[in-house]
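Chain and residue survey
Here is what each chain is made of, one letter per residue.
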Amino acid sequence: MKKFLLSLAAVLGLGFAANAIGPSIYVGYGGYTQMDATNMHDGVGKVKNAWGALNAGVDFKVLPKLSVGPSYSFSSTTTKGSDINVYYHAIMVNAKYDYMSLGMFKMYAHVGAGAEITHIGLRDREKNKGYFAFQVSPICVSADVANKVALFGELGFGAQGLLNVGVRLGL
């Protein structure tokens, strides 16, 4: 049974790779992340400032309307009273599904899941803590502004923020 499942996974992987169209890379900024909203800093004080997250990733189109790929998000904060520095690193696997296309505009949904590592710099020591990271953005819009260049905005919640805006470059 194991051999059958591994063979099936390999065949499906080869099928997706054969359909893959050139990847696209993206960078963006997302405001108010899952990390600050859900206290992903081991209860060390309350959040003093939450500036959002810087996001970067790669998408591989595996089906005409489906793209998958990894992403990395970075955020940081300080806590009230103690001024402890907290750094967040989220690594996720994402899927994007295009559900509407109107000329230069495209609407899509985006989901992602992965791991978030919180690095907490305490006065006398440092520690790391792991959490589950996710992103659910059902309302996303992309607008082509040049050949293989698009601006995007994604409304949802998760490690990449409530509103993630940025630029996507097709390769």
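This text follows the structure it describes.
Residues numbered from 1 in each chain as written. Predicted model: local features only at pLDDT ≥ 70, side-chain atom pairs only at ≥ 80, totals over all residues. Heavy atoms only, no water.

Summarising the element assignment, Asp59 is placed in strand 3 (residues 53–63). What makes Asp59 buried here is its relative accessible area of 4%. At 3.1 Å, the side chain of Asp59 forms a polar contact with the side chain of Lys96. The contact partners of Asp59, leaving out residues within four places of it in the chain, are Pro23, Ser24, Tyr26, Ser67, Val68, Gly69, Lys96 and Arg168. (Helix = DSSP H or I, 4+ residues; strand = E, 2+ residues; numbered from the N terminus. Buried < 20%, exposed > 50% of the residue type's maximum accessible area, 1.4 Å probe, protein only. Polar contact = N/O pair within 3.5 Å; in protein donor to acceptor, adjacent residues only side chain to side chain. Contact = heavy atoms within 4.5 Å.)

A few words now on the pattern of salt bridges. Overall, the coordinates contain 3 salt bridges when judged by the stated rule. Lys96 is the salt-bridge partner of Asp59, the closest N and O atoms lying 3.1 Å from each other. Linking Asp59 in strand 3 with Lys96 in strand 5 (residues 85–102), this pair joins segments that are 37 residues apart in sequence. Each member of the pair, Asp59 together with Lys96, is buried. Counted as one network, the salt bridges with shared partners bring together Asp59, Lys96 and Arg168. (Salt bridge = Lys/Arg side-chain N within 4 Å of Asp/Glu carboxyl O.)

With that settled, the discussion passes to the nonpolar core. Met35, Met40, Ile84, Val86, Tyr88, Ala90, Met92, Ile120, Leu122, Ala133 and Ala159 form the largest nonpolar core, which has 11 residues in total. No other element matches the 4 residues that strand 5 contributes to this core. (Core = buried A, V, L, I, M, F, W, Y, C linked by side-chain atoms within 4.5 Å.)

Next up on the list: the pairing of strand 9 (residues 163–170). Where strand 8 (residues 149–158) meets strand 9, 7 bridges bridge the pair, whose relative direction is antiparallel. Among the inter-strand pairings, Leu155 is bridged to a residue of strand 9, identified as Leu163. Linking two consecutive strands that pair antiparallel, namely strand 8 and strand 9, is a turn of 4 residues; a positive phi of about 105 degrees is found at Gly161 within it. (Pairing = 2+ DSSP bridges.)

What follows concerns the environment of Pro64. By the secondary structure assignment, Pro64 is in the loop between strand 3 and strand 4 (66–79). Judged by relative accessible area, which is 69%, Pro64 ranks as exposed. Sequence separation between Pro64 and Tyr97 is 33 residues, and the spatial gap between their C-alpha atoms is 9.2 Å.

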